[in-house]
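The lines below spell out each chain.
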Amino acid sequence: MRSLWLQVAAATAINLKSISQRRWLSLSTVIAIALVVIVLLAFLAMANGFQRTIAGSGADDIAIVLRAGSQAEINSTVSRDQVRVIEDGPGIARGSDGKPLISPELYLVVDGIKRTTKTKANLPLRGIGEQGSELRKDVRITAGRMFNRGSNEVVVGKALLREFEGLDLGSTVSFGATRWTVVGVFEAGGSVFESEIWADLSVVQSLFNRNNIVQTVRARLTGPAALNELKSYSDNDPRLKLDVKSEASYFAEQASQTSDLIQKLGWPLAIAMALGAVAGALNTMYSSVAARATEIATLRAIGFGGFPAFVGTLAESLLLAVIGGLLGAAATYLIFDGLTASTLGGNFTQVVFDFKLSPWLIAEGVMLALIVGLIGGLFPALRAARLPIVEGLYAN
Amino acid sequence: MNDFDLVRKNLFRRKLRASLMIVSILIAFMIFGVLAGFYRAFTAGEDAAAADRMITVNKINFTQPMPIAYFNRVKAVEGVRQVTFANWFGGYYQDPKNFIMALAIEPNTYFDVYRSEIDVPPEQLQAFIRDRGSAVVGETLAQKWGWKIGDRIPLNSNIFSQKSGGHTWDLTIVGIAKGKAQHVDTNFLLFQYPYFDETRSFGKDTIGWMILQTTSPENNDRVAKTIDAMFANSTAETSTDTEKAFGKAFAAQFGNIALIVLLVVGAAFITILMIVGNTMALSIRERTREIGVLKTLGFSGPRILTMVLGESVLLALLGGIPGLAIAALIAMALRTSLANIAPAFAVSPTIALQGLALMIALGLITGIIPALNAMRLKIATALGRG
């Protein structure tokens, strides 16, 4: 048994040392595998970053109320009368003054100019109720101050400011004929709210001719379990044809569509490229076996078995694959991780997000590389193991 | 045996190696075909845009409404041949997942503005104009749901509700619209704005956007300036742009799709270039002696150069052409499911030609170094080696 392992170790060592004789072919395999991994990981990091930004935005103890069937805030309408009925609903937490903690909100799309392309893009302008910022996690003004109620002032999300121009602190922005002053910049724990512009609900309502109408109502619940109470209250009131969801599940739905799409693009592309890389790896490994035919036959002639030759060849292929996989992961990390991008989200407005790699994603990338290496090495390794000794000795 | 036979025999001397290279080239061109086809379909609106067509939207954003009164005022602007308008409906059929690209349109003018793209038989158009509760459905959409003329369908909106409560509008299909060219997307449903406006519970007398046709593209700038100046300082200022510019800006909102496509195709090609280039070099090196023999027999250097290049180009074509063919099949299979994002997804003749050019380039690039080496090879060295 021990001698078999010694044989395997010796054959593997010979294999790995001979890589330098085929350096260009081996290098091309490594790079091919690295490129496959880069393409896969770039897409997965994009989907992951988008998912984290949106799915991380929602809380379990915040209820969001939309018109039934509207799916996204932008489509929804809720009348002032409905807001009053909701206010009296069960399960809604109350402040120290006894008022319900709710925020009726208006969600409008305005034009902004993207810094990189100088093209128009849809930005969300959200008119929020008095409690609006308290109903969101970790909202903090990082520069300037909060808008004053009743005035034409806006605060701008940190991410939005970074990607779109003309929204700097102190500047005046026009949305159509209306003019607004940017008085503050806010952060919101990396959530999608950082891609928004906030203003006072009543000012937005009057300047955009949306009096008596809002789009959504957010409410702080007494606890996540209170959601069902509010839901059945709404379902049983014929005046309210509304959907009541937890904010967390609302955002999870929003995130899944786009990130599914990105993943659905990424995997088939990576698999197609991986097939190409498998062809490349097979080629390299068959050349390796052919180049070492004499060597392998010599080893066999002096008593080595077929198994060490098999392991040696497979080990060479797997090594090339691991190097390629790690190289690809490292390159993706250096090029893409933290890269800011923005795209249209479920609400028809721009969502700013960062590409985000995770250890699990890197593992997926390296796994794909290993599969390429395994398939690419398996058949040449079988050939090496079965090589007839006499033929091998006269190979050259 | 002519030179071509020799090239072919050389290529397939190691069948496995040749097949593997053909497979990897096939995959690269498959990726190229699918992505180029997707990109073309995604930006089809831009290319299809007529030069004399312009879009007027609310200056705040194109999702903001404007008063219907603007329609008549724009009609009177000098240099405007025809104008029509539309309103986004947010349609779906039966389940919110079944999105329907539905618009409430001005029935008398819409098909005139789009006459070079959309074809509706005159009698169907007449029926549409006569019947307030009717709809014209694009061919692709009609096929998707099996709708026929005379069918009555319930169309839901995720935005609007009826005055009577409920979010469903019942519409009778009276016409099927066909695209006049392959790139025209017919995945839409159009119904009468007057009916929509009178039954909806809010937003009365507002429209989404206007589409206008100028008397000549030269008038575009002047017409745009006149219209936007007309509504300046009103509560709904406008922004008028050519259809092409509008489509381009909208496509850009999804992110830099062109760059992503370019990077992926680039990565696939670099991979193939390296693998094939190296393997070609290897296989020519193995044949050094033979090349020496050919030279001894009187084959000239340039002739050998051509033969080696011929071999690598043949390899690229053998992989690339089936690759593009598979891409065309994939595009056909995905066309319906991607109809909303990339209508008329196909590998067009232009893409096929670009692919062909790329194949030849790939063949020449991967073959050039081994070919030059083979050409310069001295007989004595060649025969002495190995």
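Residues numbered from 1 in each chain as written. Chains lettered and ligands numbered in written order. Predicted model: local features only at pLDDT ≥ 70, side-chain atom pairs only at ≥ 80, totals over all residues. Heavy atoms only, no water.

(A) Representation of the nonpolar core within the structure. Ranked by size, the top nonpolar core spans 112 residues in total, and within it A:Met273, B:Ile31 and B:Phe32 carry the most contacts. Counting residues in each nonpolar core, the second largest holds 44 residues, with A:Ala63, A:Val78, A:Ala121 and A:Ala199 among its members. (Core = buried A, V, L, I, M, F, W, Y, C linked by side-chain atoms within 4.5 Å. Buried < 20%, exposed > 50% of the residue type's maximum accessible area, 1.4 Å probe, protein only.)

(B) How the structure looks around the domain arrangement of chain A. All names here are of chain A. Domain boundaries assigned for chain A yield domain 1 (2-55 + 255-393) and domain 2 (69-240). Relative to domain 2, the C-alpha centre of domain 1 lies at a distance of 48 Å. Residue-level contacts link 14 residues of domain 1 with 19 residues of domain 2. Carbon and sulfur atoms make up 53% of the area that domain 1 and domain 2 hide from each other, which totals about 1200 Å². (Domains from an automatic or database assignment. Contact = heavy atoms within 4.5 Å. Buried area = accessible area lost by both parts, 1.4 Å probe.)

(C) Structural view of the pattern of salt bridges. Residues and elements named next belong to chain A. Taken as a whole, this structure holds 37 salt bridges over all chains when the rule is applied. Between Glu73 and Arg126 there is a salt bridge; the shortest N-O distance is 2.7 Å. A residue pair is termed long-range when its members are at least 10 positions apart, and Glu73 in the loop between β1 (62-67) and β2 (78-79) and Arg126 in strand β4 (residues 120-128) qualify at 53 residues. Exposure class is identical for Glu73 and Arg126. Each is buried. (Salt bridge = Lys/Arg side-chain N within 4 Å of Asp/Glu carboxyl O. Helix = DSSP H or I, 4+ residues; strand = E, 2+ residues; numbered from the N terminus.)

(D) Structural view of the interface of chain A and chain B. Contacts between chain A and chain B engage 48 residues on the former and 48 residues on the latter. Split into classes, the residues belonging to the side of chain A that touches chain B amount to 26 nonpolar, 17 polar and 5 charged. (Nonpolar A, V, L, I, M, F, W, Y, C, P; charged D, E, K, R; others polar.)

(E) Fine view of helix α8 (residues 293-301) of chain A. Residue and element names in this part refer to chain A. Looking only at α8, the buried set comprises Ala293, Ile296, Ala297 and Leu299. Considered in projection along α8, the buried side chains sweep an arc of 160° and stay on one side of the axis. In the core, the buried residues of α8 are packed alongside α1 (2-17), α7 (247-291), α9 (306-336), α10 (359-386) and α11 (389-393). Positive backbone phi, at 110°, marks Gly303, one or two positions downstream of α8. (Arc of directions from axis to C-beta.)

(F) Local environment of the domain arrangement of chain B. Residue and element names in this part refer to chain B. Under the domain assignment used here, chain B contains domain 1 (3-44 + 256-384) and domain 2 (65-235). Computed over C-alpha atoms only, the centres of domain 1 and domain 2 are separated by 48 Å. Taken together, the contact pairs 7 residues of domain 1 with 5 residues of domain 2. Across the interface of domain 1 and domain 2, roughly 620 Å² is buried in total on both sides, 52% from carbon and sulfur atoms. Counting across the interface, domain 1 meets domain 2 through 0 salt bridges. For the interface between domain 1 and domain 2, the tally reads 0 residue pairs in polar contact (both at pLDDT 80 or more). (Polar contact = N/O pair within 3.5 Å; in protein donor to acceptor, adjacent residues only side chain to side chain.)

(G) Up close: the pairing of strand β8 (residues 134-138) of chain B. Residue and element names in this part refer to chain B. The element β8 is extensively covered by neighbouring structure, given that 5 of its 5 residues are classed as buried. Residues of β8 alternate between two faces, with Ser134, Val136 and Gly138 on one and Ala135 and Val137 on the opposite face, all of them buried. Inspection of the sheet shows β8 paired to strand β10 (residues 168-179) by 5 bridges, in the parallel sense. Across the sheet, residue Val136 finds its bridge partner in β10, namely Gly175. Relative to strand β11 (residues 189-192), β8 is paired through 3 bridges, and the arrangement is antiparallel. Note that in β11 the partner of Val136 across the bridge is Leu190. (Pairing = 2+ DSSP bridges.)

(H) Region of the structure containing the packing of α7(A) against α10(A). All names here are of chain A. For the pair α7 and α10, the least separation of the axes is 8 Å and the interaxial angle reads 35°. The handedness of the crossing between α7 and α10 comes out as right-handed. Side by side, α7 and α10 meet where Trp267, Ala270, Ala274, Ala277, Val278, Ala281, Leu282, Met285, Tyr286 and Val289 of the first sit next to Glu364, Leu368, Val372, Ile375, Gly376, Gly377, Phe379, Pro380, Arg383 and Ala384 of the second. Of the residues belonging to the contact of α7 with α10, the class tally is 16 nonpolar, 2 polar and 2 charged. (Axes fitted to C-alpha atoms, helices over the stretch in contact; angles between N-to-C directions. Left-handed = near helix turned anticlockwise from the far one by under 90°.)

(I) Molecular detail of the pairing of strand β8 (residues 172-175) of chain A. Residue and element names in this part refer to chain A. By the alternation rule, side chains of β8 split into Val173 and Phe175, which are all buried, and Thr172 and Ser174, of which none is buried. The pairing of β8 with strand β9 (residues 178-188) spans 4 bridges and is antiparallel. Counterpart to Val173 in the pairing with β9 is Trp180. From the end of β8 to the start of β9, which pair antiparallel, there are 2 residues, and Gly176 there has a positive phi angle of about 65°.

(J) Structural context of the packing of aromatic side chains. Evaluation of the coordinates by the stated rule reveals 39 aromatic pairs over all chains. Centroid distance B:Phe38 to B:Phe42: 6.0 Å. Interplanar angle 15°. Geometry classified as stacked. Within this pair, B:Phe38 and its partner B:Phe42 are both found in helix α2 (residues 15-42), separated by 4 residues, close to a single helical turn. Each member of the pair B:Phe38 and B:Phe42 is classed as buried. Taking the centre distance of 5.1 Å and the plane angle of 80° together, the rings of B:Phe89 and B:Phe191 count as edge-to-face. Highlighted residues: B:Phe89 in the loop between β3 (80-88) and β4 (91-92) and B:Phe191 in strand β11, separated in sequence by 102 residues. For the pair shown, B:Phe89 and B:Phe191 are each scored as buried. Members of the aromatic cluster, connected to one another through ring pairs, are B:Phe71, B:Phe85, B:Phe89, B:Phe160, B:Trp169, B:Phe191, B:Tyr193, B:Phe196 and B:Phe202. Here A:Arg136 stacks its cationic end above the ring of A:Phe193, 4.4 Å away from the centre of that ring. (Phe/Tyr/Trp six-rings, centres within 6.5 Å; stacked < 30°, edge-to-face > 60°. Lys NZ or Arg CZ within 6 Å of the ring centre and 35° of its normal.)

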